[in-house]
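Summary of structural features
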Amino acid sequence: MIGLLSKTVLFPYYIVLKIRHLCYDRGWIRSKKYDTPVICVGNITVGGTGKTPHTEMIIRHLGPSAGIAVLSRGYKRKSKGFRIVEASDTFAESGDEPLQIKQKFPQVTVAVCKERTEGADRLLAMERKPGIILLDDAFQYRKIVPSHSILLIDSGRSIVGDNLLPIGRLRDLPCQIRRADSIIITKCNLAVEFENGIIDDVQTQKVLQSERERWRKSLGLREGQGLYFSSIVYGKPVAVFENEADTRYLYSKTALCFSAIANDRLFKNHIAAGYKLLDSLKFPDHKTFSKSDMKLVSGMSAKYPLAALFTTEKDCKRLTSCGFVDKEVKKRLFYIPIETEILLEKERKAFFDSLL
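Residues numbered from 1 in each chain as written. Predicted model: local features only at pLDDT ≥ 70, side-chain atom pairs only at ≥ 80, totals over all residues. Heavy atoms only, no water.

Comments concerning the overall build of the protein chain
Applied cut-off: Secondary structure elements follow DSSP: runs of H or I of four or more residues count as helices, runs of E of two or more count as strands, with numbering from the N terminus. Values of the radius of gyration come from C-alpha atoms, whereas the globule rule sets the reference at 2.2 Å times the count of residues to the power 0.38. Between two residues, a contact is recorded if the distance between any of their heavy atoms is within 4.5 Å. For every accessible area listed, the method is Shrake-Rupley and the probe measures 1.4 Å; residues are considered covered only by the protein chains on display.
A tally of regular secondary structure across the protein chain gives eleven helices and 16 strands. Taken over C-alpha atoms, the radius of gyration comes to 21 Å for the protein chain, in line with the 21 Å a tight globule of 356 residues would show. In terms of overall dimensions, the protein chain has a C-alpha envelope of 60 × 50 × 50 Å along the principal axes. When contacts within the protein chain are restricted to residue pairs at least 6 apart in sequence, those whose partners lie at least 24 apart make up 77%. Accessible surface, the protein chain: about 17800 Å² in total, of which carbon and sulfur atoms supply 53%.

Here it is in structure tokens:
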């Protein structure tokens, strides 16, 4: 009965997606191709695969000389149309993730526009037009033909056996994986020691090769599609409110945390590895923190007055613009910076060579 109900609910959505992709594949709906290289980073699930850290990884490795411009939709921003993101913006003007990228890489042009074709046209019409456009979260945006398309899949949540929304977490058909030039299995934990994401251990390489064969088979990848693995590298905690923070809390043996990200599992695990995690709060992804939300945070922190309080790098952008954070929370609140890296140095080189 449940299986029949699922098929009944999902069938209309499946048909709509099937027809939409058919129209693009047959050329009945035209897509635009640019002479300037366009790299697309995206997924086919709802959130949590690490799109922004992987976009930042590409920026770090290609460097400022590549003339990179990042183009994002600017999810949940309140501004309209095309906008160049400034480091002084609020998340309401630009969206939390584009603002995070701009503040980490001030030399990079970051723009937001719901219609990416308009955004790309506006970027290429600028006096200093970009040498590369990075499309953030645009795998489903088929109005642009990317030069290279990167699909991210969470290592702890494969798309195999999952269902379309609202029954499952898929926002697109699994068969669309064939459109990707590169697939990255993200948030990998191979239970081995490595430094800065670089693995040289022979045994680890054998484990990775076994994983590669398993993933290629389960995903049904075609020949020529690159398959890579990435892992999160956490940085040292940074005060969210620098001028009001008391860094002595970092030496506490206990901690609390809260976040508004799609998947907080690894974030909490990282904190629990260094502290005794006493309590946590989880809000919906991209949540604009309200007065009642911060009251919950204040209440949690008041129960444990000696514990350090942690949040994520993405949430930090919304918290600095929030007027409801009390002084006691500001003293104890830190975020954990993250980076992501392709595992194995030779594969990292192969991945970036494929982009260029």
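A word on the pattern of salt bridges
Rule in force here: Put simply, a salt bridge is a Lys or Arg side-chain nitrogen that is within 4 Å of an Asp or Glu carboxyl oxygen. Residue burial is assigned from relative accessible area. The probe radius is 1.4 Å, only protein chains are included, and a residue is buried under 20% of its type maximum, exposed over 50%, and partly exposed in between.
This model, assessed by the stated rule, comprises 26 salt bridges. For Arg 60, the salt bridge goes to Glu 339, with nearest N and O atoms at 3.8 Å. Taken as a pair, Arg 60 in helix α2 (residues 51–62) and Glu 339 in strand β16 (residues 338–342) lie far apart in primary sequence, 279 residues in all. Given a relative accessible area of 36%, Glu 339 falls into the partly exposed group. Through salt bridges with shared partners, a single network forms among Arg 60, Glu 339, Glu 341 and Arg 348.

Some points on the packing of α2 against helix α11 (residues 345–355)
For clarity, the threshold we go by: The convention used is that axes are lines fitted to C-alpha atoms, helices contributing only their stretch in contact, and that angles between N-to-C directions extend from 0 to 180 degrees. An angle counts as roughly parallel when it lies under 35 degrees, as roughly antiparallel when it exceeds 145, as roughly perpendicular when it falls between 65 and 115, and as oblique in every other case. Lys, Arg, Asp and Glu make up the charged group, whereas Ala, Val, Leu, Ile, Met, Phe, Trp, Tyr, Cys and Pro make up the nonpolar group; the residues left over, Gly among them, are polar.
Where α2 meets α11, the axes come as close as 12 Å, and the angle between the chain directions of the two elements is 85 degrees. As judged from the angle between their axes, α2 and α11 are roughly perpendicular. Where α2 approaches α11, its residues Met 57, Ile 58, His 61 and Leu 62 are matched on the opposing element by Arg 348, Phe 351, Phe 352 and Leu 355. The residue makeup of the contact of α2 with α11, split by class, is six nonpolar, one polar and one charged.

A short note on the sheet that holds strand β11 (residues 238–239)
Heads up, the rule is: Between any two strands, at least two bridges found by DSSP are needed for them to pair.
Here we have five strands laid out as an open sheet, ordered β11-β15-β14-β12-β13, and mixed in their pairing. The open sheet has two free edges, formed respectively by β11 and β13 (276–282), since each of these has just one partner strand. Alignment of strand β12 (residues 254–259) against strand β14 (residues 308–312), held across three bridges, turns out to be parallel. Bridging from a neighbouring strand, Ala 255 pairs with Ala 308 of β14. Against the sheet, helix α7 (residues 265–274) contacts β12, β13, β14 and β15 (333–336), and its axis sits at roughly 170 degrees relative to β12. Across the sheet, helix α8 (residues 291–303) touches β12, β13 and β14, and the angle it forms with β13 is around 165 degrees.

Quick look at the side chain of Arg 318
Within the secondary structure, Arg 318 sits in helix α9 (residues 313–319). Here Arg 318 falls in the buried class, since its relative accessible area comes to 2%. Setting aside chain neighbours within four positions, we find Arg 318 in contact with Phe 91, Asp 96, Ala 260, His 286, Lys 287 and Phe 289.

So, the packing of aromatic side chains
For clarity, the cut-off: Two aromatic rings from Phe, Tyr or Trp, using only the six-membered ring of Trp, form a pair when their centres are within 6.5 Å; if the ring planes differ by under 30 degrees the pair is stacked, by over 60 it is edge-to-face, and anything between is tilted. A positively charged side chain is recorded as over a ring if its NZ (Lys) or CZ (Arg) lies within 6 Å of the ring centre. The angle to the ring normal must also be within 35 degrees.
In total, this model carries six aromatic pairs according to the counting rule given. A centroid spacing of 5.9 Å and a plane angle of 80 degrees characterise the contact between Phe 258 and Phe 289, whose relative ring orientation is edge-to-face. Of this pair, Phe 258 sits in strand β12 while Phe 289 sits in the loop between β13 and α8, and the two are 31 residues apart along the sequence. You can call Phe 258 buried: its relative accessible area is 0%. Among the aromatic side chains, those forming a connected cluster through ring pairs are Tyr 228, Phe 351 and Phe 352. One Lys or Arg, Arg 116, reaches over the ring of Tyr 141 and ends 5.4 Å from the middle of that ring.

Some thoughts on the packing of α2 against helix α4 (residues 96–104)
Heads up, the condition is: Note on convention: near helix rotated counterclockwise from far helix by under a right angle means a left-handed crossing. Clockwise means right-handed.
Axis separation between α2 and α4 bottoms out at 11 Å; the angle between their running directions is 25 degrees. Relative to α4, α2 is oriented roughly parallel. Crossing angle aside, the handedness with which α2 passes α4 is right-handed. Residue-level inspection shows Thr 52, Thr 55, Glu 56 and Ile 59 of α2 in contact with α4, the latter providing Glu 97, Gln 100, Ile 101 and Lys 104.

Brief notes about the side chain of Asn 43
Using the following cut-off: Polar contacts here mean pairs of N or O atoms no more than 3.5 Å apart (in protein, one a potential hydrogen donor and the other a potential acceptor; neighbouring residues in sequence count only if both atoms are side-chain atoms).
Mapping Asn 43 onto the fold places it in the loop between β2 (38–42) and α2. Classification of Asn 43 by relative accessible area gives buried; the value is 0%. A polar side-chain atom of Asn 43 sits 2.7 Å from a polar atom in the side chain of Arg 171. Filtering out sequence-adjacent residues up to four positions away, Asn 43 remains in contact with Thr 49, Lys 51, Asp 137, Phe 139, Gln 140, Leu 151, Leu 152 and Arg 171.

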